[in-house]
Amino acid sequence: MSFLRALRRVHPLIRANFSNSRVTSRWISSTPDLHNPEAAAAAVPEPEFRPRTPVGGARIEIQNPDDSVEVFVDGYPVKLPKGMTVMQACELAGVDIPRFCYHSRLSIAGNCRMCLVEVEKSPKPVASCAMPVAPGMKIKTDTPIAKKAREGVMEFLLMNHPLDCPICDQGGECDLQDQSMVFGSDRGRFTEMKRSVVDKNLGPLVKTVMTRCIQCTRCVRFASEVAGVQDLGMLGRGSGEEIGTYVEKLMTSELSGNVIDICPVGALTSKPFAFKARNWELKGTESIDVTDAVGSNIRIDSRGPEVMRILPRLNEDINEEWISDKTRFCYDGLKRQRLNDPMIRDHDGKFKPVTWRDALAIVAEVAHGVNPDEIVGIAGQLSDAESMIALKDFLNRMGSNNVMCEGNGLNPQADIRSSFLLNSNIAGLENADLFLIVGSQPRVEAPLVNARIQKTVRATQAKVAYIGPPANFNYDHEHIGTGPQTLLDIAEGRHPFCSAILSAKKPAIIVGAGLFGRKDKDAIVAAVETISKLGGVTRPGWNGLNYLLLNAAQASALDLGLVSSPDVIRSAKFVYLMGADDANLDDLPKDAFVLYQGHHGDRGVYRANVIFPSSAFSEKEGTYENTEGCAQWTIPAVPTVGDSRDDWKIVRALSEVAGVRLPYDSLMAVRARLSRVAPNLLNVDARERSTISEELRPEFKQKLSMAPFGAAVENFYMTDSITRSSKIMAQCSSTLLKK
Amino acid sequence: MFSPTSRLAAKRLHGIRRMFLQSPSVSAAAAAAETSRSYSTALNYHIDSPDNNPNMKWEFSANNLEKVKEILSHYPSNYKQSGVIPLLDLAQQQHGGWLPVSAMNEIARIIEVAPIRVYEVATFYSMFNRTKVGKYHLLVCGTTPCMISGSRDIENALLKHLGVKRNEVTKDGLFSIGEMECMGCCVNAPMIAIADYSNGSEGYSYNYYEDVTPKRVIEIVEMLRKGQSPPVGTQNPNRTRGGPEGGNTTLLGEPKPPPCRDLDAC
């Protein structure tokens, strides 16, 4: 309506019209103003110069004042570096330009024409997303010409767009719907038949209704630029143009779900979420993903007690605005196979629900009946820091220090934090110009770290060398070996790769946490460190020696000192599995008592004698540290299931029944305890460097075995108890991983 | 009740619509053909069939491999993908006038891009046929000047004579009819272009037949069927190339120099 007000200011006749008749319908802008833009511009009153808020927190740094230009957006002066676009200038001036094809993380296409603005002395409206700024440019964003140009574009877009918003899943969060509220007409002039397009099968995650497509090509650019899979393309021409794969092909990317978010209309929507809920019914909870060690920032959308969907949240340092398919679609696993009552295994091998009081009493009795040395605690890959410190404190009070976290392997090195973290940080990987990936497949282990490497390779042609089993990469790489022999060759300077690492300015080595399970882990680490010293991988201002962890719990477990060796399981009589489903229990004595505490009836339950139900990450407050050592908090989105409780509360209750009461009764008190053990876990969103010097690291005199490296993740879609119980993930593994 | 003026307007509109609908030259068959107007010979997606699927092996012939090398030598080695259009054209000539999906895959392999980038180009240009065409692919120009001069009648005559629909191949595999946009022969409208794929890329020709009439196009088709080669260019015996009927009427002598300019002084 501001447009109407402006018109009324400039045109006395209209003012008269408005005051006389009570016309409330939208006024069509074919006025003499359009034929005489100078007069219209001259009549605009002096602009106000109070500072404006840039759109979406946009900000710029002008590094070289000589290379900056000043432009005027609706009379408001903006200074910005050369080469930036008119749209960016408008955003800095606090003017939001409507758009469909433009996306800040993708290349500029300039084909939707929705962002047209008027530029003084330009004969036609210009597409602001693709037009670089020129000094002294006078940009006008709310003149009748700009408005009419956008109305024209909108009319053409709506011509072939089915007006099926009531049955469209994008309804309520649709760019086209929102913008047609401003620029659309209330009636159409198009009387022909609308175009219809055949729907494409892109797999079990992305639902397509291609008739709704407005050909912005965001998905095509996303697939080739961010996901690194060249599957989608723009086929045909003119009015017959359509997005497709041409041949029958599923979108085989672990980031494919993001096309749902970037699609400005309802052409690409979530298949599992189809017709489940409207977005305005959902409650969003800002939380953290735990399905891998990246710690992607997510928003859990829930309705009542049910998680309806998971969306990414912007975090430039971790996941930008993407999340992996596993993160996005694992949520249906939260509703299946859940444990909701404490249970005890009967004489006939069946589980019988009991009360918490009975279950705790039995476990406490058994725990006191064994030697303290025979008590073992294993934290699972989804455990939060609070529950792990509670488990460790409890076992310590029982007299045992056999606490570990699965995935950390033999003899974990926890003293120096830089020996298990991604030291150059995820965002810092963009500065590297050479990658050596050792025994890790980032594409399946941490898709968003892989997306960063892909981005770097694409932007700077950084070289990637890979040592490990044959793997699937979505960027150019050189497979230089399969096992430790290649590492030795490089360390001893015999390998052609040595010259590449020596000439690199910022080389980065990424060691996969899958190697932590090997017996010769220390020798591998020693070899990698030799290469690192040789190639100057760690130098002032750059630490390129990285370890890429696999699980959400790994980093905080090492910080908290859950470092005992898995060997202790051979003599265990009482095993406390806190969500540990992948721990190897083959060596466990037959008569050992196993307590499984977790949220899913997964692998850990098979051997359990007693089950304690606990809450999943979507139902509790917990601290998770990601692979770069950044602590983040989850926030409960939905209530817990059945009689389950938070992990640390269960441990606390058990400690009281067992007579070794832990001294904390609230989450704040647990975090106070955390702050004494690992203060960095309370510095949320901060990345603290190791305070201990690298030189203090002990020397290893281990023999390197020549066995080739194995793959750490067999099935990307099923890595933990939540994803293993998810139906969507099962569909993905059966259709997308088909050989 | 409607007002008399609006009733009058409705009547007039009805009359106009009837005038358009009852165009005498348009037969029922043509009306059916017109409802499914499409410019390309195929859908914008691929459907596997025994003679067109990605598992089919497709290679350039030895002769054409030389040509491929020659084509690629025009482009810098890091911009091989620029050669996609000439390579598609070559493949189409070799494969009897159309591009199976395996040929596009082979080209993608040669120019080192993802296959979808080749599919994008092949679907964009209507000159690339992605379904089978006849040995002689007849392309009727359908743009305004030719349409005004009766290209619809020419197309209908061809369709009727050959007994096919648009983009369909005759039973003997000799002919198929497609539509093209303006090929720059408006002065000799109406016109058709005939792509000859009967002898692979060696004997490939692409000729214009201009000033055609419904009778003449059938004669041309019959001559082609008999293996004769009809004269290319204008089919009007009284015209030479783009010149007017009966010889030039203007510009008969040497043009005079510009009047106000002394050329010798320059």
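Just so you know, these numbers come straight off a predicted model, no measurement behind them.

Enquirer: Looking at this structure, how should I read the overall build of chain A?
Expert: Secondary structure summary: chain A contains 22 helices and 28 strands in total. Taking all 739 residues of chain A together, 58% fall into the buried category. Nonlocal contacts in chain A, meaning residues at least 24 apart in sequence, comprise 69% of its contacts between residues at least 6 apart. As displayed, chain A offers around 31500 Å² of accessible surface, 52% of which is attributable to carbon and sulfur atoms.

Enquirer: Would you mind showing me how to read the nonpolar core here?
Expert: Residue and element names in this part refer to chain A. Leu 80, Ile 139, Leu 176, Phe 222, Phe 435 and Ile 453 are the most contacted members of the largest nonpolar core, which totals 119 residues. For this core, the element with the highest residue contribution is helix H8 (residues 218–227), accounting for six residues. Aside from chain neighbours lying at most four places away, what touches Ile 453 is Leu 429, Phe 435, Ile 437, Pro 442, Val 464, Tyr 475 and Ile 510. Core analysis: the second largest hydrophobic core is formed by 46 residues, Ala 367, Ala 385, Leu 391 and Ala 553 among them.

Enquirer: Where do I start with the interface of chain B and chain A in this structure?
Expert: In many reports, interface size means the accessible area that the parts give up when they come together. The interface is formed by 15 residues belonging to chain B together with 17 residues belonging to chain A. Here chain B is connected to chain A by zero salt bridges. Going through the elements one at a time, helix H5 (101–111) and helix H6 (115–124) of chain B are the ones with two or more residues in the side of chain B that touches chain A. For the side of chain B that touches chain A, the class distribution of residues is eight nonpolar, four polar and three charged.

Enquirer: How should I be thinking about the UniProt feature "domain: 4Fe-4S His(Cys)3-ligated-type" (unreviewed entry) in chain A in this particular structure?
Expert: Here, UniProt's "domain: 4Fe-4S His(Cys)3-ligated-type" (unreviewed entry) annotation points to residues 145–184 of chain A. Structurally, residues 145–184 of chain A is divided into 60% helix and 0% strand, and its ends, taken at the C-alpha atoms, are 15 Å apart.

Enquirer: Is there a simple way to think about the sheet that holds strand E12 (residues 306–312) of chain A in this case?
Expert: Picture the strands of a sheet paired through backbone hydrogen bonds; they go either parallel or antiparallel. Residues and elements named next belong to chain A. Strands sit in the order E10-E11-E12 across an open sheet of three strands; the sheet is antiparallel. A single partner strand is all that each edge strand has here, and the edge strands are strand E10 (283–288) and E12. On average, each strand axis in the sheet is inclined to that of its neighbour by 30°, with strand direction left out of account. Here E10 pairs with strand E11 (residues 297–303) via six bridges, running antiparallel. In the strand pairing of E11, Glu 286 is matched with Arg 299.

Enquirer: What am I meant to see in the packing of aromatic side chains here?
Expert: For any two aromatic rings, the description comes down to two numbers: the centre-to-centre distance and the angle of the planes. Scanning the entire structure with this criterion turns up 15 aromatic pairs over all chains. Aromatic pair A:Tyr246 and B:Tyr119: ring centres 4.7 Å apart, planes at 35°, arrangement tilted. You can see A:Tyr246 sitting in the loop between strand E8 (242–244) and helix H9 (258–262) and its partner B:Tyr119 sitting in helix H6, one on each of two chains. One exposure class covers both A:Tyr246 and B:Tyr119, and it is buried. Between the aromatic rings of A:Phe394 and A:Tyr576, the centroid separation amounts to 6.3 Å while the plane-to-plane angle is 75°, which identifies the pairing as edge-to-face. One end of the pair, A:Phe394, is in helix H12 (residues 385–397); the other, A:Tyr576, is in strand E24 (residues 574–578), and 182 residues separate them in sequence.

Enquirer: When you look at the sheet that holds strand E3 (residues 191–196) of chain B in this model, what are you seeing that I'm missing?
Expert: Residue and element names in this part refer to chain B. Here five strands make up an open sheet; going across it, the order is E2-E1-E3-E4-E5 and the pairing mixed. Two strands lie at the open edges of the sheet, namely strand E2 (175–180) and strand E5 (233–234), each paired on one side alone. In the sheet, E3 pairs with strand E4 (residues 205–210) via six bridges, with the strands oriented antiparallel. Note that in E4 the partner of Ile 192 across the bridge is Tyr 209.

Enquirer: So what exactly am I meant to see when it comes to the pattern of salt bridges here?
Expert: Between side chains of opposite charge, a pair can form as their charged atoms come close. Residue and element names in this part refer to chain A. Here the structure, examined in full by the defined rule, presents 55 salt bridges over all chains. One salt bridge in this structure joins Lys 140 and Glu 120, with 2.9 Å as the shortest N-O distance. Of this pair, Lys 140 sits in strand E5 (residues 138–140) while Glu 120 is found in the loop between strand E3 (116–119) and strand E4 (126–127), placing the two residues 20 residues apart along the sequence. In this structure, Glu 242 and Lys 200 form a salt bridge, with 2.8 Å as the shortest nitrogen-oxygen distance. Of the two residues, Glu 242 is situated in strand E8 and Lys 200 in the loop between helix H7 (175–183) and strand E6 (206–208); the sequence distance between them amounts to 42 residues. Each member of the pair, Glu 242 as well as Lys 200, is classed as buried. Through salt bridges with shared partners, a single network forms among Arg 105, Glu 316, Glu 320, Glu 321, Glu 430, Arg 452 and Lys 455.

Enquirer: Please clarify how helix H8 (residues 151–162) of chain B should be interpreted in this entry.
Expert: Residues and elements named next belong to chain B. Under the 1.5 Å per step criterion, the end-to-end length of H8 is 16 Å for twelve residues, consistent within 8% with the ideal 16 Å. Of all the positions in H8, only Ser 151, Ile 154, Glu 155, Asn 156, Ala 157, Leu 158, Leu 159 and Leu 162 are classed as buried. Where H8 ends, the next residue or the one after it, Gly 163, has phi of about 65°, a positive value.

Enquirer: In this structure, what is going on with the state of the cysteines? I would like to understand it.
Expert: Formally, a disulfide is one covalent bond, and it connects the sulfur atom of one cysteine to the sulfur atom of another. Scanning all chains against the criterion turns up zero disulfides over all chains. Here A:Cys165 stays free of any disulfide, with the sulfur of A:Cys174 as its closest cysteine sulfur at 6.2 Å. The structure places no disulfide on B:Cys185, whose sulfur is separated from the nearest cysteine sulfur, that of B:Cys186, by 7.5 Å. We classify B:Cys185 as buried; its relative accessible area is 12%.

What counts, and at which threshold
Residues numbered from 1 in each chain as written. Chains lettered and ligands numbered in written order. Predicted model: local features only at pLDDT ≥ 70, side-chain atom pairs only at ≥ 80, totals over all residues. Heavy atoms only, no water. Helix = DSSP H or I, 4+ residues; strand = E, 2+ residues; numbered from the N terminus. Buried < 20%, exposed > 50% of the residue type's maximum accessible area, 1.4 Å probe, protein only. Contact = heavy atoms within 4.5 Å. Areas by Shrake-Rupley, 256 points an atom, 1.4 Å probe, with all protein chains shown as cover. Core = buried A, V, L, I, M, F, W, Y, C linked by side-chain atoms within 4.5 Å. Salt bridge = Lys/Arg side-chain N within 4 Å of Asp/Glu carboxyl O. Nonpolar A, V, L, I, M, F, W, Y, C, P; charged D, E, K, R; others polar. UniProt positions renumbered as here; feature names shortened; annotations may be inferred. Pairing = 2+ DSSP bridges. Axes fitted to C-alpha atoms, helices over the stretch in contact; angles between N-to-C directions. Phe/Tyr/Trp six-rings, centres within 6.5 Å; stacked < 30°, edge-to-face > 60°. Expected span 1.5 Å × (residues − 1). Disulfide = S-S within 2.5 Å.

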